[in-house]
Amino acid sequence: MNRIIKINVKTSLTIVLFLYLGLLMGSIHPLNAQTKRIIPSKNQQSPLAKPIVSKTMMDTAIILKQDSMGSKIDTLKMSKDSIDAPIKYQAEDSGVLIMGTKEFYLYGKAKVDYSDLKLDAATIKYEQKTQMVKAYGALDTTGNPMSKPQFVQGQMKSVSDTIFYNMKTGKGLTKNTFFQEGEIYVNARDLKKISPTEIFARRARFTTCNLDTPHFNFRTSRMKIINNKMGIAGPSFPEFEGVPMPVGLPFGIFPLTKGRSAGILPPQFTASPDFGLGFEGLGYYYVVNDNVDVTARTNIYSFGGWNLNINSKYIKRYAYTGNFNLTFQNTKTLSRSTTSKDEFNSMRSFMINWSHSRDSRARPGTSFSANVNFGSSRFNQTLLNNPFVNFQNQLSSSVSYSKDWKGKYNLSMNLNHSQNNNLRLVNLNLPTVNFNVVTFYPFQRKEQVGAGKWYDKIGIGYSGNFQNQISFYDTSVTIKRLLDTLQYGAQHTIPITLSLPSLGPITLAPGVSFSERWYGQRIFRNWNDSTKKVDTTLQKGFYTAREMSFSISANTRIFGTYKFKPTSNLIAIRHEIRPNISINYKPDFASKYHYSFQVDTSGRKIRGSQFEGALNGSYGEGVFGGMGFGIDNLLEMKVKNKTDSSDKAGKKIKLIDGFGFNSAYNFLADSFQLANFTFYVRSTLFEKVNITAGATLDPYNVDNKGFPINKILFKPSEFKFGRITNGNIAISTSFKSKSKDGKAEKETTAMPIDPFMTPDEQQRQLQFARANPAEFTDFNIPWNISISYSFNFIRVKTPDYTGFVTQTFSSFNFNGDFSLTDKWKVGATGFYDITRGNLQQLSAFITREMHCWQLSINVNPVGLFRSFNITVSPKSGILRDLRINRSRTFSN
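Conventions we followed
- Residues numbered from 1 in each chain as written.
- Predicted model: local features only at pLDDT ≥ 70, side-chain atom pairs only at ≥ 80, totals over all residues.
- Heavy atoms only, no water.
- Helix = DSSP H or I, 4+ residues; strand = E, 2+ residues; numbered from the N terminus.
- Buried < 20%, exposed > 50% of the residue type's maximum accessible area, 1.4 Å probe, protein only.
- Areas by Shrake-Rupley, 256 points an atom, 1.4 Å probe, with all protein chains shown as cover.
- Pairing = 2+ DSSP bridges.
- Salt bridge = Lys/Arg side-chain N within 4 Å of Asp/Glu carboxyl O.
- Phe/Tyr/Trp six-rings, centres within 6.5 Å; stacked < 30°, edge-to-face > 60°.
- Lys NZ or Arg CZ within 6 Å of the ring centre and 35° of its normal.
- pLDDT = per-residue confidence, 0-100.
- Contact = heavy atoms within 4.5 Å.
- Core = buried A, V, L, I, M, F, W, Y, C linked by side-chain atoms within 4.5 Å.

**Student:** Outline the overall build of the protein chain, supporting the account with residue identities and numerical values.
**Tutor:** Scanning the protein chain for helices and strands turns up four helices and 56 strands. Counting the 892 residues in the protein chain, one finds 36% classified as buried. Summed over all atoms, the accessible surface of the protein chain reaches about 52,000 Å², with 58% contributed by carbon and sulfur.

This is the structure in structure tokens:
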């Protein structure tokens, strides 16, 4: 007859396995918590007399005996069907133990924890002989399911109607199971677990939509999932909103690996009347080791064009990180010229991008970084489907190394490259070396007692610069041309300063500076009577020039405040004035390097320098003994805090961050004593509108050809106070609505920034987001807009020295989007060249939010390449290649 023991577990009793096994055997020996020894009953012998084995403990025996030293030793013998870890369980109703069959039942919201396994169900049954756990759900009073069994092991979670699980083998069988593995949600009629990592499903549905009734799913008769590795499905048929589609997939492989793994990168189909039909993005990703990976992608078109891109990223934490990108491009497009006999236009180009940065902790005191962008001048113009890159006409590169000697000396070496794609002119600086000695005080004693002498404040420094430059056109590169354009130069500067104590609110700073420049060439210009033009002669060699200057400067700060009435919302306006004045003297060391030459048939002559166009520039001729002066201003106000009446200080708002001017007057010059005035202003109005502006005013008049004459232009009646020779203004602002959820606004970026990502990689991600704005739309912001405007002008000499012309540049940029509905959003970004009077670039998008799917339409109607793209794709990363795409591209 079976013995049944009913245990009340309403108080969520927790029992370990050993106590449970003792109950199963029908004999419970209480344990002393302090000695961990068995306390014998009245009918038992003392454990010191001889070893004791309880006859009723058929499966588990705890034997107490003595060793040779008289110490007591416990020996635990476990039966074959015992479990290797404690079990913790609880139930709201009760627990029933059947002694004969060794079965244990838990009723009412039962829970069991065993190792990494957790099980919740309405009823849980455990059979000791087979170590089988069975879990069942329950129905509420209306007949609806309640307390369905939930099974959790590791990162896998499942909810089923019924669960059968063997604790010893780790195998299990469930009915009507819902579970998640990575981004995949699976509902299987029958689910069989054959190992801790492998699961088989029969008659299953799987999706990446997390709703109870998913928007889409795939039906398959069989499926296998390997935890954190992959999911494999047999023939699968898609369903949308429960409606089966008449197409299917023969099989499916879904990566579930959370780390990096090698594999094929599938392409997308495209069509273009200029390039033909094609596949874009076909490639392979390969993991070299934990620090390096390589991605190869190619675009192939039916007209014969192709593009090959090889990208490698490398990183070693706390040491360095970098990215190398190599692209070869063979462009072959259909010729639309009526004069050309060729059917296709062909062009080959390449581009090399390399970025590298070293962690400052790797070698303290030194740094090394690289940002290289070098390639064919026509590469950007022939790059397909990237309108932002198509208009990038400037390329630049920099490789730099620096070393610091405990803050006393520092050395930097730079390899620089600049390239103008319009002119196809390339400049290489190989290398530029800078060496600096931080200001030191040679007369200052190491252990100074009392007030120091005035000469203790004399500081001396040094700054040296050495440059090399090669210039060439990429259409004609020869060794002779490279040597002809080779330039080198150096400059040495020794500043001497003296720190004086303040004279009340005035600060004085005297100084002396000596500099010398080395040149590798000089030029002479002469008038040619036969050709009626200016000829230029270039002489190679080693030449030097020097300059010395003396100065003393004084500056102070003046404050003025205007307070408003207490009833006003304005508290006060404060004006800060920062005047500066300096007295300077510079002897004329450079006049011997200047000369006069004729520029036209009228006999007009102008002054020029032998070192004009040199790398480190030319010193100005003439003695200077005069005064420099300038004023800087700051204007700000305080307003009452409307949200906090207790805030008496108020809120500070800057009206103008800075505005002022600078100029100088030369007392020793025989003409043109007054220097040009430089005006500037910068402000951030209402913390929204950024404004920067500047201008240069020449106080002297000009002749009929635009050359200055020694006569001040000052006519107040005609509102003429000199001539503005150049100026600029830039205005930018951005506005956006509050978020729908009412949460604090946060900066939204197109893509998440990896802290170990190089600036070049961040720029590439930003370009991708700009090219595909619909894929990075924030529906939580109903609308936002950003606009900017810039205008520049300058007066320059004509190439034939016959006068001056004014060059102007003006442009307008815009970017914004707004929500038509909660699910529809439209936006556009563009660039309008006001100088040329046409729209240079425009990209527009329409996107539809569909919870687990997204529809995006991108249109580029203006630019070197006009294109449109329609994409319907799942948001899930594992289904990113399962998309419907339609794109067309047309050349301009």
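**Student:** Pulling in residues and values, what's your account of unusual backbone geometry?
**Tutor:** A cis amide bond, omega -20°, links L430 with the succeeding residue P431. Mapping P431 onto the fold places it in strand β32 (residues 425–440). With a phi close to 65°, Y318 is a non-glycine residue in the positive phi region. By the element assignment, Y318 lies in the loop between β26 (306–316) and β27 (320–334). Here the phi dihedral of K406 falls at roughly 50°; this positive angle occurs in a residue that is not glycine. Residue position: K406 is located in the loop between β30 (394–405) and β31 (409–420).

**Student:** Got a sec to walk through the pairing of strand β12 (residues 156–159)? Specific residues and values, please.
**Tutor:** Covered by surrounding structure in β12 are M156 and S158 only, the residues K157 and V159 on the alternate face being uncovered. Bridge analysis of β12 against strand β14 (residues 172–181) gives three bridges, and the strand direction is antiparallel. Bridge pairing in β14 links S158 to F179.

**Student:** Any details on the pattern of salt bridges? Residues and values, ideally.
**Tutor:** In this structure the tally under the stated criterion is 26 salt bridges. In this structure, R219 and E239 form a salt bridge, with 2.5 Å as the shortest nitrogen-oxygen distance. One end of the pair, R219, is in strand β17 (residues 216–226); the other, E239, is in strand β19 (residues 236–240), with 20 residues separating them in the sequence. On the basis of relative accessibility, which here comes to 40%, the residue R219 falls in the partly exposed class.

**Student:** Describe in detail the packing of aromatic side chains, supporting the description with residues and values.
**Tutor:** According to the stated counting rule, one finds 36 aromatic pairs in the structure shown. Between F714 and F721, the ring centres sit 5.3 Å apart and the planes meet at 65°, which makes this aromatic pair edge-to-face. By relative accessible area, F714 is classed as exposed at 54%. It is K332 that lies over the ring of F344; its NZ or CZ is 5.2 Å from the centre.

**Student:** So what's going on with the confidence of the model for the protein chain? Which residues, and what values?
**Tutor:** The predicted model of the protein chain averages 80 in pLDDT, with 84% of residues at 70 or higher. Here residues 9–74 scores under 50 on pLDDT; set against residues more than four positions off or in separate chains, the count is 110 contacts.

**Student:** Account for the environment of A91, naming residues and giving values.
**Tutor:** For A91, the location among the structural elements is in the loop between β4 (87–90) and β5 (94–98). A relative accessible area of 2% means that A91 is categorised as buried. For the pair A91 and T123, spaced 32 residues apart in sequence, the C-alpha separation works out to 8.9 Å.

**Student:** Describe the side chain of T725, and please don't skip the residues or the numbers.
**Tutor:** One can find T725 in strand β49 (residues 723–736). If we skip the residues at most four places from it in the chain, T725 touches T696, D698, F793, I794 and R795.

**Student:** An account of the nonpolar core is requested, with residue identities and associated values reported.
**Tutor:** Buried together is how nonpolar side chains tend to be arranged in soluble globular proteins. L106, L119, I124, V186 and F206 are the most contacted members of the largest nonpolar core, which totals 44 residues. When residues of this core are traced back to their parent elements, those giving at least two are β4, β6 (103–114), β7 (117–127), β8 (132–136), β13 (162–166), β15 (184–193), β16 (198–207) and β17. With sequence-adjacent residues up to four places away left out, V186 is seen in contact with T177, F178, F179, A204, R205, F206, M223 and I225. In terms of nonpolar packing, the next biggest core, distinct from the first, is built from eight residues, Y543, A590, Y593 and A614 among them.

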